[in-house]
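Inside the fold
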Amino acid sequence: MEKRTDKNSYTVIFAVGMVLVVGALLAFLASYLKPTITENRRLEKQQNILYVLGVNENDESSAVFVSADKAPEAFSENVKEQLVLTIDSNGKITKTQTRDDYFKETNKEPYLIDVKKEQDKAKNGESRKLPLFVGENKEGKTVYVAPIYGKGLWDAIWGYVAIDEDMIVRGTYFDHKGETAGLGANIKQRYFMDDFYGEHLLTKAGVFKGITVAKGNADPLNKDKTDNEVDAIAGATITGDGVSAMIKKDLRLYKPYFDNLKNN
Amino acid sequence: MGILSKKDAALLKDPFADNNPITIQVLGICSALAITAELEASIVMSISVLFVMGVGNVVISLIRNIIPSKIRIIVQLVVVATLVIIVDQVLKAYAYELSKTLGAFIGLIITNCIIMGRFEAFALGNGPWRSFLDGIGNAVGYAVILIIVGFFRELLGSGTLLGFPVLGDPIAKTGLYAIGYENNGFMLLSPMALIVVGIIIWIQRSRNKALIED
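Residues numbered from 1 in each chain as written. Chains lettered and ligands numbered in written order. Predicted model: local features only at pLDDT ≥ 70, side-chain atom pairs only at ≥ 80, totals over all residues. Heavy atoms only, no water.

**A short note on the sheet that holds strand S2 (residues 93-97) of chain A**
Residues and elements named next belong to chain A.
- Ordered by their spatial adjacency, six strands build an open sheet running S2-S1-S3-S4-S5-S6, and the pairing between neighbours is antiparallel. Each of the sheet's edge strands pairs with one partner strand only, and the pair in question is S2 and strand S6 (169-176). Shown here is a sheet whose adjacent strand axes are inclined to one another by a mean of 25 degrees, direction ignored.
- Of the strand pairs in this sheet, strand S1 (residues 79-87) and strand S3 (residues 128-136) are connected by eight bridges, and their pairing is antiparallel. (Pairing = 2+ DSSP bridges. Helix = DSSP H or I, 4+ residues; strand = E, 2+ residues; numbered from the N terminus. Axes fitted to C-alpha atoms, helices over the stretch in contact; angles between N-to-C directions.)

**Description of unusual backbone geometry**
Residues and elements named next belong to chain A.
- Unlike most non-glycine residues, Asn107 shows phi in positive territory, near 65 degrees.
- Along the chain, the position of Asn107 falls in the loop between helix H3 (99-106) and helix H4 (115-123).
- Unusually for a residue other than glycine, Met167 sits at a positive phi of about 60 degrees.
- Mapped onto the elements, Met167 comes out in the loop between strand S5 (156-163) and S6.

**Overview of helix H8 (residues 190-207) of chain B**
- Helix length check: H8(B), at 18 residues, gives a terminal C-alpha distance of 27 Å against a target of 26 Å (1.5 Å per residue), a fit within 8%.
- Elements in contact with the buried residues of H8(B): helix H2 (29-34) and helix H7 (128-158) of chain B. (Expected span 1.5 Å × (residues − 1). Contact = heavy atoms within 4.5 Å.)

**Considering the interface of chain B and chain A**
- Chain B puts 28 residues into the contact, and the matching count from chain A is 33 residues.
- Counting the surface lost from both chain B and chain A, the interface buries some 2,600 Å², and carbon and sulfur atoms represent 66% of this.
- Broken down residue by residue, the surface that chain B buries against chain A is led by B:Lys70, B:Tyr96 and B:Lys100, which jointly contribute 19%.
- Where chain B meets chain A, there are zero salt bridges.
- Linking chain B with chain A are five residue pairs in polar contact (both at pLDDT 80 or more), by the criterion used here. (Buried area = accessible area lost by both parts, 1.4 Å probe. Salt bridge = Lys/Arg side-chain N within 4 Å of Asp/Glu carboxyl O. Polar contact = N/O pair within 3.5 Å; in protein donor to acceptor, adjacent residues only side chain to side chain.)

This is the structure:
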């Protein structure tokens, strides 16, 4: 005799029931947890920005953020201003807003601007927003933090770069969604991120060149800070190229702002 | 193991050595290649799989009599995927830091053939308690190999263990590096995981001839 569970009708009913139960369970869980997850992401952005400003709890070799519960306070204390630049499709800055102006217009915090969405806008020939966070580093120097976003080998990579008015790097934080552990994932290791400190984004002639993650650049200790190169991670060529590309592509957009800053 | 009968204890112990999921059943090779470049990643993956295997086997075992046999693989897939999504979401909400470390592996758990293999081969035909033991046993067997492979790949490839430099500094040339030792970058690439697993299989079979197939 055919078993009850072998019948087609049973199979269909079971499948429908399973989908309903699992779907409902996951939907409930997702909507229940969403506010907490969004909040975690928000605090992480603050932690990232604080990290490149030098507000972190780094020990000798590992990268440690300030704790999430201290982040909002530290953020309002250390980030003096959140600027929003609007640039048109020719790369010209058409508008510079302060945090308060931007908040009045959109009811959003500038540090929550989605860099990926803004990049897509630029691709469609629309104007885009560039957030820039102004703070002070440990030496009391004014530094500007810009978010960058690009792609690595498997998925998205992103980060924050603090630069001073000469476009010299004063802090970096990189992160990734799914780079290979032990290889590409090492872009968020201190030895890689710290290599960028002091590197020049401009050539000696003042032209924007970015920083290339270079293999065999004959400077593994990275003593030469004006060669626009840092040493690559072995076995992570494509992730490294992704880092070079996002630095070049995204930080170039800020060049006009710093030109203005110097001329005034 | 006083509380376990001999048969139950065997469920826990066998996958550890003579019926190891990786070296004998040759399951879960793909994740053994992908994530063993670092010891930490191996350990994290092992714990994640331990959880999903234990719970998944019990769930499948509980519903084994009502699963239609025609779509049982799909049902198993749904159970794994649901468990993995739940773990992922809960971690993201309540242990955000940890979820970032785990991020890449959570997805890999779904594709881990050990899990589907044990659902199909064991949980569908056995009660929840025995299935739980089988799940834990196999996950531990998997973990042992993963950790051995991760240990050697990180040590020989990067000269570190859990990120801690144990052989000295390769750039400043201290420790072992002072006498001309070099990291073997080849160890960081996936094929070397296969070679390490191969060596483990070789050692295991030369010690226990009963494991050698004709």
